[in-house]
Amino acid sequence: VPLSPLVLATTAGAFITMLMSCVWCLTASTPVTGQQQPTLATWITIARGWLTVLFTSVYTASLLQSVSPKTKLGWIAAGIFVFAAGLDMVDGAVARRTETETKFGSRLDTETDGLLVGLGTIGAVIDGTVPTIFLIVGGARYIFIAAAFVRRRRGLTCSELEPELRGKLNGGIVIATVW
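A brief report on the enclosed structure follows. None of these values were measured; they are calculated from a predicted model.

### Re unusual backbone geometry
Stage number 1. With phi around 55°, glutamate 99 is a residue other than glycine that occupies positive phi space.
Stage number 2. Here glutamate 99 shows up in the loop between α3 (68–97) and α4 (103–127).
Stage number 3. Accessibility expressed as a relative area gives 71% for glutamate 99, which makes it exposed.

See the structure below:
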């Protein structure tokens, strides 16, 4: 991957965002459940986050190429994206199978999904593959979080979404669409 200032800047931005997500998930879950040791499933989720950072680097480099390497780097970025998305099924399965589901791991899983979808969407818009309105797909989760925050600040009730098959199907469709 050619290391231009833009590639380094986007990589640093993705890295800082992933790091902030880890810290936020840890601080949000610790008061609820106390200190938790990272499980194998949580480490898989963390690996997905770092794959998202790698995806950002490779995809940014592919956008800067003007000839055939763009295609090669683009496919490598797409492969990293699919691998990171595929590991989403693995971390949840490992957590359920080993009965090591944690509040931290669950929050981090959700944030990592959001980061992957968001960065993939931004890349597709910058590339010109999809129109700008497509950013709603990447931003929908954050709009929901902001609305829930406003409701809670106003003292109104706000229920958590229960995980269900339809939600997983929707998540799979969003990931496939961004890819």
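### Considering the pattern of salt bridges
For side chains of opposite charge, pairing can occur when their charged atoms come near one another.
Stage number 1. Per the counting criterion, the structure on display carries four salt bridges.
Stage number 2. For aspartate 91, the salt bridge is made with arginine 48, and the minimal N-O distance between the two is 2.8 Å. You can see aspartate 91 sitting in helix α3 and its partner arginine 48 sitting in helix α2 (residues 40–64), a full 43 residues away along the chain. Here the two residues aspartate 91 and arginine 48 agree in accessibility, since each one is buried.
Stage number 3. A salt bridge links aspartate 113 to arginine 48; the nearest nitrogen and oxygen atoms lie 2.2 Å apart. Taken together, the positions of aspartate 113 in helix α4 and arginine 48 in helix α2 put the pair 65 residues apart, joining distant regions of the chain.
Stage number 4. Taking relative accessible area as the criterion, aspartate 113 reaches 23% and is therefore assigned partly exposed.
Stage number 5. Residues participating in the shared-partner salt-bridge network are Arg48, Asp88, Asp91, Asp109 and Asp113.

### Side note on the environment of valine 7
Stage number 1. Among the secondary structure elements, valine 7 is positioned in helix α1 (residues 5–33).
Stage number 2. In this structure valine 7 comes out as buried when scored by relative accessible area, which is 1%.
Stage number 3. C-alpha of valine 7 to C-alpha of threonine 56: the two residues are 49 residues apart in sequence and 8.2 Å apart in space.

### Focus: the packing of aromatic side chains
Stage number 1. Going through the model one piece at a time under the given rule, you end up with three aromatic pairs.
Stage number 2. Connected via pairs of aromatic rings, a cluster forms that spans Phe55, Tyr59 and Phe81.

Basis of the calculations
- Residues numbered from 1 in each chain as written.
- Predicted model: local features only at pLDDT ≥ 70, side-chain atom pairs only at ≥ 80, totals over all residues.
- Heavy atoms only, no water.
- Helix = DSSP H or I, 4+ residues; strand = E, 2+ residues; numbered from the N terminus.
- Buried < 20%, exposed > 50% of the residue type's maximum accessible area, 1.4 Å probe, protein only.
- Salt bridge = Lys/Arg side-chain N within 4 Å of Asp/Glu carboxyl O.
- Phe/Tyr/Trp six-rings, centres within 6.5 Å; stacked < 30°, edge-to-face > 60°.

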